[in-house]
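# A closer look at the structure
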Amino acid sequence: MIKIQNVRKEFNEDTKIRLKNMVFEDGKSYAILGVSGSGKTTLLNMIAGIINPTDGKIIVDNVEITKLTQKEKDKFRLKNIGYIFQDFKLIEDMTVEDNLNLLKIEKIDCVDINNILEQVGLKNKRKMKVKKLSGGEKQRVAIARALMKSPKIILADEPTGSLNYEKGLEIMELLHKFHKKSKHVMIYVTHDDRMAKYADKIIHFEDVLEKGGVE
Ligand SMILES: Nc1ncnc2c1ncn2[C@@H]1O[C@H](COP(=O)(O)OP(=O)(O)O)[C@@H](O)[C@H]1O
Ligand SMILES: [Mg+2]
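Let me sum up the structure you'll find in this document. This structure is a prediction, so every number in the text was calculated from the model and none was measured. (Residues numbered from 1 in each chain as written. Chains lettered and ligands numbered in written order. Predicted model: local features only at pLDDT ≥ 70, side-chain atom pairs only at ≥ 80, totals over all residues.)

### A closer look at the sheet that holds strand 7 (residues 81-84)
Reading across from one edge, 7-8-9-4-10 is the order of the five strands in this open sheet, with parallel pairing throughout. Sheet topology places strand 7 and strand 10 (201-204) at the edges, where each strand pairs with a single neighbour. Strand after strand, the sheet turns through a mean of 15° between neighbouring axes, direction not considered. Strand direction decides the pairing type here: strand 8 (residues 153-157) and strand 9 (residues 185-190), joined by five bridges, are parallel. The partner of Asp 157 across the bridge, within strand 9, is Val 189. Here helix 5 (residues 135-147) sits on the sheet and contacts strand 7 and strand 8; the angle it forms with strand 7, its principal contact strand, is near 170°. (Pairing = 2+ DSSP bridges. Helix = DSSP H or I, 4+ residues; strand = E, 2+ residues; numbered from the N terminus. Axes fitted to C-alpha atoms, helices over the stretch in contact; angles between N-to-C directions. Contact = placed C-beta atoms within 7 Å.)

Have a look at this one:
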């Protein structure tokens, strides 16, 4: 479960984001729909402990993540949160399997790499460098890396943003298949309401911004 309490993020005088209190429940998937620049990535980054809110509390699985040191946050994220970044954050010059092996170096408990690659349909690409893959394949590597640690929380930032409709649907099917097997929270950001319909709950981001949200 994730709780957002009295959270405000002030990047500078011009950009202040205030969020209503929210609870994301275990076992549920949430699609966040909203216009560009409204603060969706900021919300995911705060839940993941990558950036800190200016004020307020974020509680992830009973841990008040906003209270942890940066090092503790990084450790917590590595262990508990599968974050599929909008730009993948893969190492392009490394092979698919070496990108996934990096998690093992961090001593995180993971499912077998062959197993996860099979599930995302990339078993025959394991020795290929990421830079040779298509956008959809890179997205699958990013998903494999996020999910191979069986995370308590799945966050995905525009997971279908760079894909055509059919490829986007395949990715959504894959994410939802994984989510259904877990009892955990999945939050994904999308621009496309055809992708949002997969979620148990659709959140229109403007509805969770306090009045004057981004000022
Ligand atoms: N590191 C930062 N420094 C200053 N402003 C930022 C920073 N990150 C995001 N912003 C601003 O915060 C607002 C929300 O950004 P973001 O969360 O990326 O929006 P979205 O993901 O909804 O498109 C934007 O106005 C953006 O320019
Ligand atoms: Mg964004």
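Let us keep going from here.
### Comments concerning the site of ligand 1
Taken together, 12 residues form the shell around ligand 1, and within it Phe 11, Gly 37, Lys 40, Thr 41 and Thr 42 come nearest. Elements supplying a minimum of two residues to the shell around ligand 1: strand 1 (2-12) and helix 1 (40-47). Take the shell around ligand 1: its biggest share by element is three residues, from helix 1. Residues of the shell around ligand 1, tallied by class, amount to two nonpolar, nine polar and one charged. (Near = placed C-beta within 6 Å. Nonpolar A, V, L, I, M, F, W, Y, C, P; charged D, E, K, R; others polar.)

### Remarks on the environment of Val 130
Relative to the assigned elements, Val 130 resides in the loop between helix 4 (113-119) and helix 5. We classify Val 130 as buried; it has 20 C-beta atoms within 10 Å. Along the sequence, Val 130 and Met 94 sit 36 residues apart, while their C-alpha atoms lie 6.2 Å from each other. (Buried ≥ 20, exposed ≤ 12 C-beta atoms within 10 Å, placed from the backbone.)

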